[in-house]
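Structure assessment
The lines below spell out each chain.
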Amino acid sequence: MALPSYIDLAMIGAGVQALTLTTHLLQKSAKYGHKILIFDPSQTWMSRWQQQFAAQQIPALRSPAVHHPDPDPHQLRTFAEHRHHELFSPYDRPGTQLFNDFCDEVIRRWKLSDKVYPAKVIQILPIKTASRSRFQLVLDTGETIMARRVVLATGSGKIQLPDWVQKITSDYPSERLCHSQQVNLNKLNITGERVLIVGGGLTSGHLAKGAINLGANVTLMTRKQLQEKIFDADPGWLGPKYLKDFQAETDWYIRYQQIQQARNGGSMIPEMMLQLRKAVSEGTIIINECCQVRAAQWQNNLWQVDCEDGSKDQFNRIWLATGTRFSAMEHPLLQEVLETYPTEIVNGLPVLDEYLRLPKSNFFIMGGLAALRIGPVARNIGGARMACKSIVPAIVKPSLAIR
């Protein structure tokens with residue numbers, strides 16, 4: 001596909017957030033089919049999502065069947081008419097393959113397969129004149145394109161590593177200590193190895209299960225007690241139950257606290273807890289709750305690990321399921337944009353206007369960075385649907401556009 005010199009709306013990232021926004025936009029105004037271009041180095045929708053699910057062997061989504069990229073909430077259940085065995089209780093959570101097939105069907109039905117331009121956006125330069133403002137996107141191919149409006153939908157979480165990782169002085173093979181996003185269970189031979197997994201969220205559960213299936217002996221270490229929750233944030237955050245008070249709160253720092261409390265670190269779904277307890281009784285996993293690593297050093301081809309409680313242990317490899325954090329100041333694509341459009345930042349999160357724009361700009365943000373407006377589910381599929389309610393009107397209604 002040839003790159004045009006100008007596009008009305010450029011979307012960065014071809015994940016579930018961007019796909020959700022694209023279908024909601026086309027539902028309101030079909031003419032946007034010609035006015036929109038999505039940028040992703042993979043050239044395909046949802047590729048990173050699918051790679052992560054495959055690498056961690058995740059069998060099903062955590063979100064219910066009504067959360068998906070199509071504007072019609074019942075569409076996935078209809079699609080699964082002859083595949084009911086791939087909807088899991090509670091709330092009909094779709095199996096991974098079912099969800100991927102459904103997304104393919106959504107892409108086909110909305111004619112979106114040729115909408116992703118195969119390039120990575122490496123810089124965004126705001127171009128402001130007296131009469132209008134534009135954004136110049138610089139691609140890793142050396143090409144550039146002008147856009148009237150930009151939506152940043154990259155997922156954009158920065159990998160979080162515990163402090164003790166920075167203090168490791170010995171050289172070690174990089175595959176022996178990695179963040180969960182770098183682990184691919186399908187490419188490992190770890191039979192008989194001792195694996196330490198750090199973190200108490202669902203990702204650590206998937207990795208533990210995968211490692212056990214590969215014949216490893218697993219230790220799961222969590223800094224607090226494991227929490228059992230169906231969703232990572234209470235469903236009340238998807239509607240007025242909690243959002244009414246959240247949206248009435250005018251202190252952004254209090255909103256930030258509410259987001260942290262609602263997500264409260266990681267949690268496990270009940271069926272994962274069941275599988276882990278079974279593994280404990282079978283002796284294939286040790287779970288150390290309320291325990292933290294104090295220091296680790298690579299010696300004699302093993303990790304020598306000292307814990308806060310004074311205990312010491314040895315492992316062949318360490319996986320860090322320690323999540324990601326969101327920081328607008330550290331996002332490579334936001335540097336010049338934030339200089340041109342000064343925005344209040346609260347603990348890394350930008351204070352967007354009610355349409356999820358950086359103030360006085362045509363630069364929209366969805367995903368985890370929009371949490372101060374959307375709430376604790378901003379990074380989830382349900383949060384993508386909520387973001388559409390804010391962004392779509394600002395794009396299709398001339399009266400809401402920023403001139």
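The text that follows walks through the structure, step by step, so that each part is easy to find.

**What to know about the overall build of the protein**
Of regular secondary structure, the protein possesses 12 helices and 21 strands. For the protein, the C-alpha radius of gyration of 22 Å lies close to 22 Å, the compact-globule estimate for 403 residues. Long-range pairs, those at least 24 residues apart, make up 68% of the contacts in the protein with a sequence separation of at least 6. Summed over all atoms, the accessible surface of the protein reaches about 18,700 Å², with 50% contributed by carbon and sulfur. If you average the places of the 45 positive and of the 36 negative side-chain charges in the protein, the two averages end up 6 Å apart.

**Describing the pairing of strand E16 (residues 312-315)**
As paired strands, strand E15 (residues 302-307) and E16 are joined by 4 bridges and run antiparallel to one another. Along E16, the bridge assignment pairs Asp306 with Lys312. In this antiparallel pair of consecutive strands, E15 and E16, the connection spans 4 residues, and Gly310 shows a positive phi of 95°.

**Structural notes on the sheet that holds strand E12 (residues 217-221)**
A sheet is described by the order of its strands in space; here 5 strands give the open sequence E10-E17-E11-E12-E13, paired in parallel fashion. Looking at the sheet topology across the chains shown, the edges are occupied by strand E10 (177-179) and strand E13 (285-288). Between one strand and the next, the sheet's axes are offset by a mean angle of 20°, whatever the strand orientation. Of the pairings in the sheet, the one linking strand E11 (residues 194-198) to E12 comprises 5 bridges and is parallel in character. Within the sheet, the bridge partner assigned to Ile197 lies in E12 and is Leu220. Taken strand by strand, helix H6 (residues 202-213) contacts E11, E12, E13 and strand E17 (317-320), and its axis lies near 165° from that of E12. Where helix H9 (residues 270-282) meets the sheet, it contacts E12 and E13, and its direction lies at approximately 115° from that of E13.

**Observations concerning the layout of surface pockets**
Space inside the second largest pocket adds up to approximately 320 Å³. Lining the second largest pocket are 15 residues, with His24, Arg385, Met386, Cys388 and Lys389 positioned closest to its centre. Top element by residues in the lining of the second largest pocket is helix H12 (residues 381-396). It accounts for 8 residues. The residue inventory of the lining of the second largest pocket, partitioned by class, reads 7 nonpolar, 4 polar and 4 charged.

**Examining the pairing of E17**
Here E17 shows two buried faces, one formed by Arg317 and Trp319 and the other by Ile318 and Leu320. Alignment of E10 against E17, held across 3 bridges, turns out to be parallel. The partner of Leu177 across the bridge, within E17, is Ile318. Pairing analysis gives 4 bridges linking E11 to E17, with the strands arranged parallel. Within E17, the position partnered with Val198 by the bridge is Leu320.

So, how was this worked out
Residues numbered from 1 in each chain as written. Predicted model: local features only at pLDDT ≥ 70, side-chain atom pairs only at ≥ 80, totals over all residues. Heavy atoms only, no water. Helix = DSSP H or I, 4+ residues; strand = E, 2+ residues; numbered from the N terminus. Rg over C-alpha atoms; globule rule 2.2 N^0.38 Å. Contact = heavy atoms within 4.5 Å. Areas by Shrake-Rupley, 256 points an atom, 1.4 Å probe, with all protein chains shown as cover. Lys, Arg positive; Asp, Glu negative; His and termini not counted. Charge placed at Lys NZ, Arg CZ, Asp CG, Glu CD. Pairing = 2+ DSSP bridges. Axes fitted to C-alpha atoms, helices over the stretch in contact; angles between N-to-C directions. 1 Å grid on protein atoms, 1.4 Å probe; cavity = no way out; pocket = protein on both sides within 12 Å on 5 of 7 lines; lining within 4 Å. Points joined across faces, edges and corners; volume = space filled by probe spheres on them. Nonpolar A, V, L, I, M, F, W, Y, C, P; charged D, E, K, R; others polar. Buried < 20%, exposed > 50% of the residue type's maximum accessible area, 1.4 Å probe, protein only.

Bear in mind that shape data such as this cannot, by itself, settle questions of function.
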